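# Results of the structural survey
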Amino acid sequence: MIDLLLVAAAIAVIYASFALLAVTQERNWSSADVKKDMYFQAINTRRKWWLSGIGLMLGYMLCLVSSGASFGSALWVLLLGVCAMAVAFTLSWKPQWLWFIFGIFRASDLI
Amino acid sequence: MEFNVEPTFRKSMSWLHTWAGVVVGSLLFVIFWMGTLSVFDREIDRWMMPDTRLAPAPPFSLDQIIKPIAEELAGNSPQWTINLPTDRTPTIILAYRDGNGKDVRRHIDPHTGKLIQEQGTHGGSRFIFPFHYSLHIKWKNIGYWLVGLAGMSMLVLLVSGIVIHKRIFQDFFIFRPKKHVQRASLDLHNLTGILALPFHFVVALSGLFIFFSIYFPWSVTAAYQGNKEAMTADVYGTYTREKANRPGELSSLDAMVNDAQARWSARLGEGAKADFVRIVHPADAAGFVQVRRIFPEHLVTMDSEGIVYNATDGTILKEHYSAPVRSIHAFFSGLHFVQFKHWTLRWLYFLAGLSGCVMIATGFFFWLEARRIRHVKKGLSGVRVVECLTVGSVTGIMIATLAFFIANKLLPLDAKLAGVDRAGLEMWIFYLVWLATFGHAWLRSTQAWCDQAWMIAGMALLALALNWLTTSAYIAQVLETDKVTGAGMDAILLFFSILAVIAARRLRKQKTQKSATILTTSSSMQPRGISSPSGQTAPVTWEEKHD
């Protein structure tokens, strides 16, 4: 059970990291409606990149802890693809959902 | 097709990507589709062989259960192989050669020790899985070579695709489904190609690794002077010796399996279970028993250990552990075979496999849409030929697979026709239906996409309904014993049916828009019988997309 929770946490962290990475790209702003949020635009993009990178590494750690070195690495690589596609589909069909992710980052004072 | 030398490296790669994709795309899709299904080959087996849907195997004795059955059924067989039960295959599988020289596989219930009635199917593990790596073309290993060629082409397509994609990072998350089909196809092609790139690269490369001795036979020639037996003995730990032609009594198989498991556990520092036993020359004084752990449940690396025992007294003849280089091969093989026990990874493999199918299919869509109007204007038939091949290899193989499943549910267990047994009939139905889908694609041209999408939707639902109708007490069985297998397969059929309905509706909507556009813009250019499905007047090109 704890393994499944760790995998779920890894999925959440990797998805959030890609979501943050997606909004650093200006061409995704209109679809995510980020232009309304001037504060978010003003944040240093490089800091968001670092945060995304740290999030992806954290996801890797969670995969390693849940499944060990071999399975954990394979799991992480596959989750990168699946979560990135999930972010792309969110941007396509429900971009407003990404606000929830931004809200978490803002509330945690990370950006 | 023009063969002029392209002026830049990127344009050369674009030409290579386009034409390599068109030439091997159909074959690649078939291999990817069968590979994706093979991720759940054992679950498909359970679905197609209802009598083997059993609760996990309890501890049992090989000496008490297998030995008497094998001696009765296969006393004269040169060897017996026994696949021990796992979580995904709850039966014991005994394979041998009968008096007519025919290879036979029988399932044995480990709960009762009784033979299970022959299920009359090759199922997922003996039809779909071998199709993935050999296309069932055994003559001169042609099937292996074609698959190897496709694997190598896949690597070329991936690398050339990266080179010609000018805005990988800018377009990393771009998918515009509401745009016209050509744009949406290209977005989806790029998305699935780039985001699942590591998976596609590793499966293509590891597929080539697995059959290195076929594709790169010089390793055997150079290091072992062409002696393949010496190579397999060194690398895989195989063992052989001639029959003594003197009677011999088979010693305890349980003792040998227990001994092997104890040795591996002591060496690895954790519990290790044997999953395969082979008894060669069973009733001969020179008989020997090979115990292996081919698919460890908790490791990616596969088939690293094996011990050979003297059949008559149980003494060890050979103990094999993989050398470092072979361990790398075993690791990549394990990554490709996905027989380990990790359900999250298994589902991710399935999704990544589907993304590969989407990548190939959308590449075809883009090619077709980018050329359709131009070919019509010039009176060329290339689009129609490629479209026929694409429809047959994309939706056609899905229909053939569903026909294979439906035949499994409709054919009586003792079905036989013109000397072909039930398992053979299922395969014939697969091939004939597949061939028919190509014919349908040729006759119906662009309409075939929509027709075949509806066929997939209907046939997936029919397969699901037949499973429920023909499997007695199905719901109770699913709940009591085999929840994941039974429900998982049905859930996937339902998912495909819904997906096919969505695709068919989208194609119909597009057809309506197209008809309106054709009437207003290009009706004068349309020869009879050929029409543009999307109706756009300004096709997107690679350059336009990437500039």
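Residues numbered from 1 in each chain as written. Chains lettered and ligands numbered in written order. Predicted model: local features only at pLDDT ≥ 70, side-chain atom pairs only at ≥ 80, totals over all residues. Heavy atoms only, no water.

A few words on the overall build of chain B. Scanning chain B for helices and strands turns up 19 helices and seven strands. For chain B, contacts bridging at least 24 residues in sequence account for 68% of all contacts bridging at least 6. Summed over all atoms, the accessible surface of chain B reaches about 25100 Å², with 63% contributed by carbon and sulfur. (Helix = DSSP H or I, 4+ residues; strand = E, 2+ residues; numbered from the N terminus. Contact = heavy atoms within 4.5 Å. Areas by Shrake-Rupley, 256 points an atom, 1.4 Å probe, with all protein chains shown as cover.)

What follows deals with the overall build of chain A. Tallying secondary structure elements over chain A gives five helices and zero strands in all. Its helices and strands taken in sequence order, chain A reads α-α-α-α-α from the N to the C terminus. Every one of the 111 residues in chain A was classed for burial, and the buried ones make up 49%. Considering only intrachain contacts with a sequence separation of at least 6, the fraction spanning at least 24 residues in chain A is 71%. (Buried < 20%, exposed > 50% of the residue type's maximum accessible area, 1.4 Å probe, protein only.)

In terms of nonpolar packing, the biggest core is built from 131 residues, with F18 of chain A together with F29, W33, F173, Y349, F405 and F430 of chain B touching the most fellow members. It is helix α4 (residues 45-93) of chain A that provides the largest number of residues to this core, a total of 17 residues. L62, I92, I108 and A272 of chain B belong to the second-largest nonpolar core, a separate cluster that totals 30 residues. (Core = buried A, V, L, I, M, F, W, Y, C linked by side-chain atoms within 4.5 Å.)

In the Ramachandran plot, L135 of chain B falls in the positive-phi region, its phi being about 55 degrees despite a non-glycine side chain. With respect to the helices and strands, L135 of chain B occurs in the loop between α4 (123-134) and α5 (142-164).

Okay, the sheet that holds strand β7 (residues 316-321) of chain B next. Residues and elements named next belong to chain B. In spatial order, the strands read β3-β2-β1-β4-β5-β6-β7; together these seven strands make up an open sheet with antiparallel pairing. The open sheet has two free edges, formed respectively by β3 (103-108) and β7, since each of these has just one partner strand. On average, each strand axis in the sheet is inclined to that of its neighbour by 15 degrees, with strand direction left out of account. Along the sheet face, helix α11 (residues 253-268) touches β1 (79-83), β4 (276-280), β5 (288-293), β6 (305-310) and β7 and points at about 145 degrees away from the line of β6. (Pairing = 2+ DSSP bridges. Axes fitted to C-alpha atoms, helices over the stretch in contact; angles between N-to-C directions.)

Our focus in this paragraph is the confidence of the model for chain B. All names here are of chain B. Put simply, chain B has an average pLDDT of 87, and 89% of its residues get 70 or more. A low-confidence stretch, residues 518-547 stays under pLDDT 50, and its non-local contacts, those more than four residues away or across chains, total 72 contacts. Across the whole predicted complex the pTM is 0.89, and at the interface the ipTM reaches 0.90. (pLDDT = per-residue confidence, 0-100.)

We now examine the side chain of T81 of chain B. One can find T81 of chain B in strand β1. Relative accessible area serves as the criterion here: at 12%, T81 of chain B is assigned to the buried category.

Moving on, we come to the pattern of salt bridges. Where charged atoms from two side chains of opposite charge come close, those side chains can pair. All names here are of chain B. Applying the stated rule across the entire model yields 18 salt bridges over all chains. We note a salt bridge from R42 to D41, for which the minimum N-O separation is 3.7 Å. Residue D41 pairs with R88 through a salt bridge whose shortest N-O separation is 3.4 Å. You can see D41 sitting in helix α2 (residues 41-48) and its partner R88 sitting in the loop between β1 and β2 (92-97), a full 47 residues away along the chain. On the accessibility criterion, D41 (1% relative accessible area) is buried. (Salt bridge = Lys/Arg side-chain N within 4 Å of Asp/Glu carboxyl O.)

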